[in-house]
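Structure at a glance
Listed below are the residues making up each chain.
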Amino acid sequence: MNDKNGLAVPTADSQVAFTIQGPGKIIGVGNGSETSLEPEQYLETVSMINIENLKEKQVQSVEDRPGIAADLKNADWEPAFKTPRFPETAKAVVYRGTFRVPDSIANATITFFYNNIGQTESIYINGQSVVQNSIDTKTGKEFSIRQNMLHPGKNNIAIFAVPFIKKYSWDYNNTNPGTIQVIVPAAQWKRKLFNGLAEVIIQSTGQPGQIVLTATSPGLKKNELKIDAIPAAMPAAVASVDK
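Computed from a predicted model, the values in this text were never measured in an experiment. (Residues numbered from 1 in each chain as written. Predicted model: local features only at pLDDT ≥ 70, side-chain atom pairs only at ≥ 80, totals over all residues. Heavy atoms only, no water.)

1. Describing the pairing of strand S7 (residues 109-114)
The side chains of a regular strand alternate, residue by residue, between the two faces of the sheet. Keep this limit in mind: A strand pair is defined by DSSP finding two or more bridges across the two strands. Helix and strand labels come from DSSP, where a helix needs a run of H or I of at least four residues and a strand needs a run of E of at least two; each type is numbered from the N terminus.
Across six bridges, the pairing between S7 and strand S12 (residues 178-184) is antiparallel. Note that in S12 the partner of phenylalanine 113 across the bridge is threonine 179. Pairing analysis gives five bridges linking S7 to strand S10 (residues 141-145), with the strands arranged antiparallel. Paired with phenylalanine 113 across the bridge in S10 is glutamate 142.

2. Some thoughts on the packing of aromatic side chains
Our working rule: Only rings of Phe, Tyr and Trp enter the pairing, Trp through its six-membered ring, and a pair is recorded when the two centres are within 6.5 Å. The plane angle decides the type: under 30 degrees is stacked, over 60 is edge-to-face, the rest tilted. Whether a residue is buried, partly exposed or exposed follows from its accessible area with a 1.4 Å probe, protein chains only, as a fraction of its type maximum: under 20%, in between, or over 50%, in that order.
Tallied over the full model, the rule gives five aromatic pairs. Ring geometry for tyrosine 42 and tryptophan 189: centres 5.6 Å apart, planes at 70°, overall edge-to-face. Here tyrosine 42, found in the loop between strand S2 (24-30) and strand S3 (45-50), pairs with tryptophan 189, found in strand S13 (residues 189-192); they are 147 residues apart in sequence, far enough to count as distant. The pair tyrosine 42 / tryptophan 189 is uniform in exposure class, with both members buried.

3. Digging into the nonpolar core
To keep things clear, this is the line we draw: The nonpolar core is taken to be a set of buried Ala, Val, Leu, Ile, Met, Phe, Trp, Tyr and Cys residues, with the residues joined through side-chain atoms within 4.5 Å.
Counting residues in each nonpolar core, the largest one holds 28 residues, and the members touching the most others are Phe112 and Ile123. Only strand S6 (92-101), S7, strand S8 (120-125), strand S9 (128-135), S10, strand S11 (153-162) and S12 provide two or more residues apiece to this core. The dominant element in this core, judged by the number of residues it contributes, is S6, at four residues. One finds Ala12, Val16, Phe18 and Leu213 within the second-largest nonpolar core, a separate group that totals nine residues.

Written out as structure tokens, the structure reads:
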């Protein structure tokens, strides 16, 4: 870093943020400090979360919906799918379980990769509706979950379904309601200066154009580094001739 007279400031230790435009991407940062505990990479995190402690309760119809409330006590419910099969007279069943999400889900993309466990289903998370009367399609489904429906730690899910009825005891019906995926985007690339310096490693995407790396820090003038990206020429083909 330089001062207003263009002279290097060896004691500078400002936090500098980096952004990039054009056919390139940042793949690492550093500053040469052996004592630095800052991350060298800022990557998105992907969490795959299973539903746990699933319990069930038969009800008179899919419109009879106990179990929506987030604070419901269901200690007297039966463990899900332990009954050999539902009787043919069974009209509806409620499944209720829990899952845990990471402490930080700011700006996360959340998707419920759902497997059908009934002929039709209505799904609630923490008392809020995800889908109503979804019909079994014999394939998995994807439901987007709003971030404000969740909170860090334990969350509750309730599924109201018209159950599959086994004709024979050996018939198999799916018992896994699916997985919740949480993708938290990477934080902005940044690094604290050490002896007035920081390093950024840039990788070309292989496309031609101009790469613009921008560095910003509170109280300092924004600076840009421009790099012309030129694809490497392919080596000339060498023909071999058998003698």
